[in-house]
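# Structural features, examined
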Amino acid sequence: MIKIKLPDGNVREYAQGTTGMDIALSISEGLARNVLAAKVNGKVVDASLPINDDCDFQLLTWNDADGKSTFWHSSAHLLAEAIEALHPRTKFGIGPAIETGFYYDIDMGEKALSADEFKKIEDKMLELARQKNQYQRYEVSKADAIQYFTEKGDEYKLELLEGLEDGSITFYQQGNFTDLCRGPHIPNTGFIKAVKLMSVAGAYWRGDTSRKQMTRVYAVTFPKQKELEEYLTLLEEAKRRDHRKLGKELELFAFSEKVGMGLPLWLPKGTMLRERLENFLRRAQVRAGYSPVITPHIASKELYITSGHYAKYGADSFQPILTPDEGEEFFLKPMNCPHHCEIYKTKPRSYRDLPLRLAEFGTVYRYEQSGELHGLTRVRGFTQDDAHIFCRPDQVEDEFMKVIDLVLYVFKALGFDNYSAQISLRDPENKEKYIGKDEDWDKAEAAIIKSAAAKGLPTVVELGEAAFYGPKLDFMVKDALGRKWQLGTIQVDYQLPQRFELEYTGSDNQKHRPVMIHRAPFGSLERFVAILIENTAGNFPLWLSPEQLAVLPISEKYEDYANEIFLRLQENDLRGYIDHRDEKIGRKIRDAEVNKLPFMLIVGEKESEQGMVSVRKKGEGDLGMMPIDQFISLMQGEINKNIVRFKE
Ligand SMILES: [Zn+2]
Ligand SMILES: [Zn+2]
């Protein structure tokens, strides 16, 4: 007998050679019907694999990330089977699961696969799925495997085989299709009930541009038709909310080829939005004891040699700017930290001066390959809401907690209620990848874990994900569509203070080294605005809206009254525009709706006679006529409702 430890801690005994499916059946038949794979000592395996030793054991269903990816990878085999049935001499590369769905790289020779054929392939996949063919695993010798794919004429699989050791090779077969694969897979194709081919793209074999370009077929599958429908609706909604599309429609930002790829131009309305975000954080930071600073956009190469960035990133960044006469080398600033270290060094510091919190909306430039650029989320120039906290070692944990408070305040004010954090630690197996002393790393990692726990943050810990100079905590938020975004970051750093030889005089009158904490609640303004646009679909909270209202005179007779009202609104710090165009009122209302104006004030004869305005609110419709003062206090109430002050 062997001991199987279940996730709830229960230990059950089973006969040696029992399978995941046997265990599922012993628990309940309903459960067994949903089992896709199993996890044995942290490794995902086929539910049909015999288990021979005591182990930690978990059953995987569609609700587990590993269950989903097994489902999608198995679907890639089904896709290949369908394509092979329709185009018999197709050759296959690799077919992995991706974040949503899967792809298979195929080579159809002279033939091309077009979207017109998607439906036919989907139907074939469903037809094959209904046969409930098992994914059968069998071990093969390298010689037999080579013979199989030589006869089949698939040079891609043969090349993959070259890298495999004899004795470790497995084939999986479902129906008439056999693939070289280490698995695992779901029990049979019958689990796949809904199928959608998404797109095709070119992909170089093994990512090597000198090799053959294959066709990458992207697809997604689900265990229920309804889930596919929900997914497609979500995609539509995501397309509607795409910040690149809305950013253009709402005139927030633009790109110009002449200015350069990945270098956003903030248009007047976008700038209004961004400045409000900056001011909001600036106010909170003053309350939290930060001192604003400003540093230049370029710095001497020496600075980055000292910081270590040159050795690490020099070759992959924008190349140096040279002075014409002295031949000096300058780099575009890739991060603000080294500059802030130099500010720290401008005068002697005592233990009583710490913590010193230097904050800067610092614009930095990083080279990204053109193919990686994407709207405002991947750019070559961006502004971080950056700050560096220099503190004593005994203050690290406390400072870390204060930063978490500030970040959570930002999330709350901007409506991100669903957040979590990833703690990135160093890879204990590869310590030489990181700069700095062992004991410093241990201290920093302990401080992060402890403060995240104290603040009740839901966290995951990832080994090997730390930056080369320190461990960090990254915040993730889930947006209105359930998509996850990485936002702000907090990072403990024992290394830069050492490289810059930063010091303070302790109460013992001796010199000590401060600790540095890097932090950015938004991450970058560019990325944050992109996420904000997609989360709100462009319907920003009133305090943030570039334009809060539109005054719409019914005809030019009421222009003077409209002007008079608008002046009153401006005096009360409300913003927007008067639609002076010679258009019908219906048209003016429609345009204001398209521009997502939160409020419209319609003024005509009745309103001007009685000193009133007719108010329409987005999402609620007509609020009726009211005196202008009443409207102003209504607006102020809404604004204050949204924006509570930090530490009040
Ligand atoms: Zn496989
Ligand atoms: Zn920094």
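Small disclaimer: the values here were computed from a predicted structure and weren't measured. (Residues numbered from 1 in each chain as written. Chains lettered and ligands numbered in written order. Predicted model: local features only at pLDDT ≥ 70, side-chain atom pairs only at ≥ 80, totals over all residues. Heavy atoms only, no water.)

## Considering the environment of Ile23
The test is simple: In DSSP terms, a helix is any run of H or I states spanning at least four residues, a strand is any run of E spanning at least two, and both are numbered starting from the N terminus. Buried means the residue's accessible area, taken with a 1.4 Å probe over protein chains only, is under 20% of the maximum for its type, while exposed means over 50%, and partly exposed covers the values in between. Residue contacts are counted whenever heavy atoms from the two residues lie within 4.5 Å of one another.
With respect to the helices and strands, Ile23 occurs in helix α1 (residues 20-27). By relative accessible area, Ile23 is classed as buried at 0%. The sequence separation of Ile23 and Ala447 amounts to 424 residues, and the corresponding C-alpha distance is 41 Å. Apart from the residues within four sequence positions on either side, Ile23 is in contact with Ile4, Tyr14, Thr18, Ile51 and Phe57.

## Description of the packing of helix α13 (residues 396-413) against helix α14 (residues 438-454)
How we decide: Only C-alpha atoms enter the line fits that serve as axes; for helices the fit covers just the stretch in contact. Angles between N-to-C directions range over 0 to 180 degrees. Oblique is the label for every angle not falling under 35 degrees (roughly parallel), over 145 degrees (roughly antiparallel), or within 65 to 115 degrees (roughly perpendicular). Here a crossing is taken to be left-handed if its near helix is turned anticlockwise relative to the far helix by less than a right angle, and right-handed if that turn runs clockwise. Asp, Glu, Lys and Arg are counted as charged, while Ala, Val, Leu, Ile, Met, Phe, Trp, Tyr, Cys and Pro are counted as nonpolar; the rest, among them Gly, fall into the polar class.
Contact geometry for α13 and α14: axes closest at 9 Å, N-to-C directions at 45 degrees. Comparing the axis directions of α13 and α14 gives the class oblique. The element α13 and its partner α14 pack so that their crossing is right-handed. Within the contact between the two elements, α13 uses Val396, Glu397, Phe400, Met401 and Ile404 and α14 uses Ala447, Ile448, Lys450, Ser451, Ala452 and Ala454. In terms of residue class, the contact of α13 with α14 is made up of 8 nonpolar, 1 polar and 2 charged.

## A closer look at the coordination of the zinc ion (ligand 1)
Definition in use: Because no water is among the atoms considered, metal sites can look incomplete, with donors defined as N, O and S atoms within 2.8 Å of the metal, or 3.2 Å for Na, K and Ca. Note on geometry labels: four donors, all angles 85 to 135 degrees, give tetrahedral; four donors become square planar and six octahedral when opposite donors are over 155 degrees apart and every other angle is between 65 and 115; remaining cases are irregular.
Surrounding the zinc ion (ligand 1) are the protein donor atoms His73 (NE2), His77 (NE2), Cys181 (SG) and His185 (NE2), which sit 1.9 to 2.1 Å from the metal. If you look at the zinc ion (ligand 1), its 4 donor atoms make angles of 90 to 127 degrees with each other, and the shape they trace is tetrahedral. Written as a sequence motif, the donor arrangement for the zinc ion (ligand 1) is H-x3-H-x103-C-x3-H. Placement of the pair is His73 in helix α3 (residues 65-86) and His185 in the loop between β12 (177-180) and β13 (194-204), with a sequence separation of 112 residues. For His185, a relative accessible area of 1% corresponds to the buried category.

## A word on the coordination of the zinc ion (ligand 2)
Looking at the zinc ion (ligand 2), one finds its protein donor set to be Cys337 (SG), His388 (NE2) and His518 (ND1), positioned 2.0 to 2.4 Å from the metal centre. In the primary structure, the donors to the zinc ion (ligand 2) are separated according to the pattern C-x50-H-x129-H. Within this pair, whereas His388 is found in strand β22 (residues 381-391), its partner His518 is found in strand β29 (residues 515-520), the two being separated by 130 residues in sequence. The pair His388 / His518 is uniform in exposure class, with both members buried.

## Considerations on the UniProt feature "domain: TGS" (unreviewed entry) in the protein
Put simply, the rule reads: UniProt positions are given in the numbering used here, feature names are shortened, and annotations may be inferred rather than shown by experiment.
Taken from the UniProt record, the annotation "domain: TGS" (unreviewed entry) applies to residues 1-61. Strand forms 41% of residues 1-61 and helix 23%; the C-alpha atoms that close the span are 26 Å apart.

## Thoughts on the pattern of salt bridges
It is possible for side chains of opposite charge to pair when their charged atoms get near one another. This is how the line gets drawn: By convention in these notes, a salt bridge is any Lys or Arg side-chain nitrogen within 4 Å of a carboxyl oxygen on Asp or Glu.
Across all of its chains, the model carries 45 salt bridges by this definition. A salt bridge links Lys269 to Glu547, with the shortest nitrogen-to-oxygen separation between them at 3.4 Å. Of the two residues, Lys269 is situated in helix α9 (residues 268-287) and Glu547 in the loop between α16 (525-536) and β30 (549-553); the sequence distance between them amounts to 278 residues. Judged by its relative accessible area of 15%, Glu547 falls in the buried class. Between Asp479 and Arg483 there is a salt bridge, and its shortest N-O distance comes to 2.8 Å. According to the relative accessible area criterion, Asp479 is buried, its value standing at 7%. Residue class for Arg483 comes out partly exposed when judged on its relative accessible area of 22%. Within this structure, Arg274, Glu278, Arg282 and Glu526 form a network of salt bridges that share partners.

## Re the pairing of strand β2 (residues 11-14)
Let me state the cut-off plainly: Two strands make a pair as long as DSSP finds a minimum of two bridges between them.
Of the pairings in the sheet, the one linking strand β1 (residues 2-5) to β2 comprises 4 bridges and is antiparallel in character. Across the sheet, Ile2 pairs through a bridge with Tyr14, a residue of β2. Connecting β1 to the next strand, β2, in antiparallel fashion are 5 residues, including Gly9 with a positive phi near 95 degrees.

## Describing the packing of aromatic side chains
Convention followed: Whether two aromatic rings pair depends on their centres lying within 6.5 Å, for rings of Phe, Tyr and Trp, where Trp uses its six-membered ring; planes under 30 degrees apart make the pair stacked, over 60 edge-to-face, and the rest tilted.
Counting across every chain of the model gives 27 aromatic pairs. With a centroid separation of 5.9 Å and 45 degrees between ring planes, the pair formed by Phe411 and Tyr419 is classed as tilted. On the accessibility criterion, Phe411 (1% relative accessible area) is buried. On the basis of relative accessibility, which here comes to 27%, the residue Tyr419 falls in the partly exposed class. When the ring of Tyr434 is compared with that of Trp441, the centres are 5.2 Å apart and the planes differ by 65 degrees; the resulting orientation is edge-to-face. Ring pairs connect the aromatic residues Phe411, Phe416, Tyr419, Phe475, Phe522 and Phe528, which therefore count as one cluster.

## Digging into the side chain of Glu534
The criterion, for reference: The definition of a polar contact used here is a pair of N or O atoms within 3.5 Å, where within protein one atom must be able to donate a hydrogen and the other to accept one, and adjacent residues in sequence count solely through side-chain atom pairs.
Turning to its location among the elements, Glu534 is positioned in helix α16. Among the polar contacts made by the side chain of Glu534, one reaches the main-chain amide nitrogen of His243 at a distance of 2.8 Å. Those residues in contact with Glu534 that sit more than four places away from it in its chain are Arg241, Asp242, His243, Arg483 and Trp485.

## Description of the environment of Asp394
Within the fold, Asp394 resides in the loop between β22 and α13. Between the C-alpha atom of Asp394 and that of Lys39, which follows or precedes it by 355 residues, the distance is 42 Å.

## Some points on the packing of α9 against α13
The N-to-C vectors of α9 and α13 enclose an angle of 145 degrees; their axes lie 11 Å apart at closest approach. Between α9 and α13 the crossing geometry is right-handed. Note on element contacts: α13 touches α9 through Leu406, Tyr409, Val410 and Ala413, opposite Phe280, Leu281, Ala284 and Gln285. Class assignment for the residues of the contact of α9 with α13 results in 7 nonpolar, 1 polar and no charged.

## Concerning helix α4 (residues 118-130)
Structurally, the α-helix is built with 3.6 residues per turn, so residues lying three or four positions apart point the same way. Just so we agree on the cut-off: Helix span, expected: 1.5 Å multiplied by one less than the number of residues in the helix.
Taking 1.5 Å per residue, 13 residues should reach 18 Å; α4 reaches 18 Å between its end C-alpha atoms and fits that length. A positive phi of about 50 degrees marks Lys132, the residue just after α4.

## Regarding the nonpolar core
Heads up, the condition is: Residues enter a nonpolar core if they are buried and are Ala, Val, Leu, Ile, Met, Phe, Trp, Tyr or Cys, with the set joined through side-chain atoms within 4.5 Å.
The biggest cluster of nonpolar side chains holds 80 residues, and the ones touching the most others in it are Leu414, Phe475, Leu569 and Phe631. Counting residues per element, this core draws most heavily on α13, which supplies 11 residues. Leaving out residues up to four positions away in the same chain, Leu414 has contacts with Leu277, Phe280, Phe522, Phe528, Leu532, Trp543 and Leu544. The next biggest cluster of nonpolar side chains, apart from the first, holds 37 residues, and it includes Met125, Cys181, Leu197 and Phe222.

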